[in-house]
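Observations on the three-dimensional arrangement
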Amino acid sequence: MVFINESVEQVTGMPRDSYIGKPLRETGMPPELVDYWDDQLNAVFESGKATRFSFSYPCPAGVCQFESRIIPE
């Protein structure tokens, strides 16, 4: 990961540094969610077009909903 919004830190209770520069599989994200992200990343690489998607993530306060964007450079 290259960028993490500071609100993720507030919601998950984990510092942004625990995500930045690491592959998703090393962040503690559930494997099925990592697979979903990989599918989204592959679609962006294949199409060359940005995408926006939503997903649920377990947080200390319960299940949280997130919206993410992947933008090809």
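Model, not experiment: these values are computed from the prediction. (Residues numbered from 1 in each chain as written. Predicted model: local features only at pLDDT ≥ 70, side-chain atom pairs only at ≥ 80, totals over all residues. Heavy atoms only, no water.)

1. What to know about the overall build of the protein
Each helix and strand counted, the protein has two helices and two strands in total. For the protein, the N- to C-terminal ordering of α and β elements is α-α-β-β. Radius of gyration (C-alpha) of the protein: 12 Å, near the 11 Å computed for a compact globule of 73 residues. Principal-axis analysis of the C-alpha atoms places the extent of the protein at approximately 35 × 20 × 20 Å. For the protein, with 73 residues in total, the buried portion stands at 30%. Partitioning the intrachain contacts of the protein with sequence separation of at least 6 by distance along the chain shows that 27% fall at a separation of at least 24. With the model as given, the accessible surface of the protein reaches about 5200 Å², and the carbon-plus-sulfur share is 52%. Positive and negative charge centroids in the protein, built from 6 and 11 side chains respectively, lie 6 Å apart. (Helix = DSSP H or I, 4+ residues; strand = E, 2+ residues; numbered from the N terminus. Rg over C-alpha atoms; globule rule 2.2 N^0.38 Å. Buried < 20%, exposed > 50% of the residue type's maximum accessible area, 1.4 Å probe, protein only. Contact = heavy atoms within 4.5 Å. Areas by Shrake-Rupley, 256 points an atom, 1.4 Å probe, with all protein chains shown as cover. Lys, Arg positive; Asp, Glu negative; His and termini not counted. Charge placed at Lys NZ, Arg CZ, Asp CG, Glu CD.)

2. Let's talk about the nonpolar core
If you look at the biggest cluster of nonpolar residues, it comprises 16 residues, and the most contacted ones within it are Met-29, Leu-33, Trp-37, Phe-55, Tyr-57 and Phe-66. Every element with two or more residues in this core is listed here: α2 (31–47), β1 (51–59) and β2 (62–70). Not counting chain neighbours up to four residues away, the residues in contact with Phe-66 comprise Val-8, Val-11, Thr-12, Phe-53, Ser-54, Phe-55, Tyr-57 and Cys-59. (Core = buried A, V, L, I, M, F, W, Y, C linked by side-chain atoms within 4.5 Å.)

3. Concerning the confidence of the model for the protein
Any segment with low pLDDT has predicted coordinates that should not be analysed in fine detail. Mean pLDDT over the protein works out to 89, with 100% of the residues at or above the 70 mark. Averaged pLDDT values over the elements of the protein bottom out at 83 in helix α1 (residues 6–12) and peak at 94 in α2. (pLDDT = per-residue confidence, 0-100.)

4. Here's the deal with the side chain of Gln-40
Examined against the element boundaries, Gln-40 turns out to sit in helix α2. Under the relative-accessibility criterion, Gln-40 is labelled buried at 16%. Here Gln-40 is in contact with Thr-51, Phe-53 and Ile-70, once residues within four sequence places are set aside.

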